[in-house]
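Descriptive structure summary
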Amino acid sequence: MHCLRCNRELEAGHKSVALYMFAQTVGIKPRQKSTAHRISFCPQCSVSLAMGPPPEGALNLAAWDMIRDLVGSDPALNQAAWESLNGISGLLTATGTDGTHRPARAEGYFEF
Ligand SMILES: [Zn+2]
């Protein structure tokens, strides 16, 4: 599981925001349902996206609204972002020279 925006690995139990998405036919028989997809964002990206300008695209905007909802309703997610931000600076210095660190994607918007 990786953060969709920065591609950071999110291990099980790590703090993150998960968006679940599936598609389903309505009013058509037989009813069809796609597999469910799980999209994850690390706390920093969640807070950063929520604070940033609205993205383009109806789906992106819907996801952005939901993340803003979470970030705005309780400081716990901001706290998690702050905590991992402090841990990350040490992590980057430790792994930055071995060539395996994947650079963060530059764009600030969702990609579906
Ligand atoms: Zn991220």
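Preceding block: the structure.
Regarding the overall build of the protein chain
Helix and strand counts for the protein chain stand at 3 helices and 2 strands. Traced from its N-terminal end to its C-terminal end, the protein chain shows the element sequence β-β-α-α-α. Taking all 112 residues of the protein chain together, 18% fall into the buried category. Summarising the internal contacts of the protein chain: among those between residues at least 6 apart in sequence, 58% fall at separations of at least 24.

Comments concerning the nonpolar core
If you look at the biggest cluster of nonpolar residues, it comprises 13 residues, and the most contacted ones within it are Phe41, Cys45, Val47, Leu49, Ala50, Ile67 and Val71. Elements that contribute at least two residues to this core include exactly α1 (43-51), α2 (58-73) and α3 (76-95). Setting aside residues no more than four positions away along its own chain, Ala50 makes contact with Ile67, Arg68, Val71 and Gly72.

Describing unusual backbone geometry
In this chain, Lys29 is followed by Pro30 through a cis amide linkage whose omega measures 0°. Looking at the element boundaries, Pro30 is found in the loop between β1 (17-21) and β2 (37-41). A positive phi is found at Asn7, a non-glycine position, where the angle reads about 70°. For Asn7, the location among the structural elements is in the segment before β1.

Quick word on α2
If you check α2, its first and last C-alpha atoms are 23 Å apart, about what 16 residues at 1.5 Å a residue would give, namely 22 Å. Inspection of α2 places Ala63, Ile67 and Val71 among the buried residues, and these make up the whole buried set. Seen from one end, α2 has its buried residues packed into an arc of 75°, which puts them on one side. Exposed residues on α2 whose side chains face more than 90 degrees from its buried face are Ala58, Asp65, Asp69, Gly72 and Ser73.

Calculation notes
- Residues numbered from 1 in each chain as written.
- Predicted model: local features only at pLDDT ≥ 70, side-chain atom pairs only at ≥ 80, totals over all residues.
- Helix = DSSP H or I, 4+ residues; strand = E, 2+ residues; numbered from the N terminus.
- Buried ≥ 20, exposed ≤ 12 C-beta atoms within 10 Å, placed from the backbone.
- Contact = placed C-beta atoms within 7 Å.
- Core = buried A, V, L, I, M, F, W, Y, C linked by C-beta atoms within 7 Å.
- Expected span 1.5 Å × (residues − 1).
- Arc of directions from axis to C-beta.

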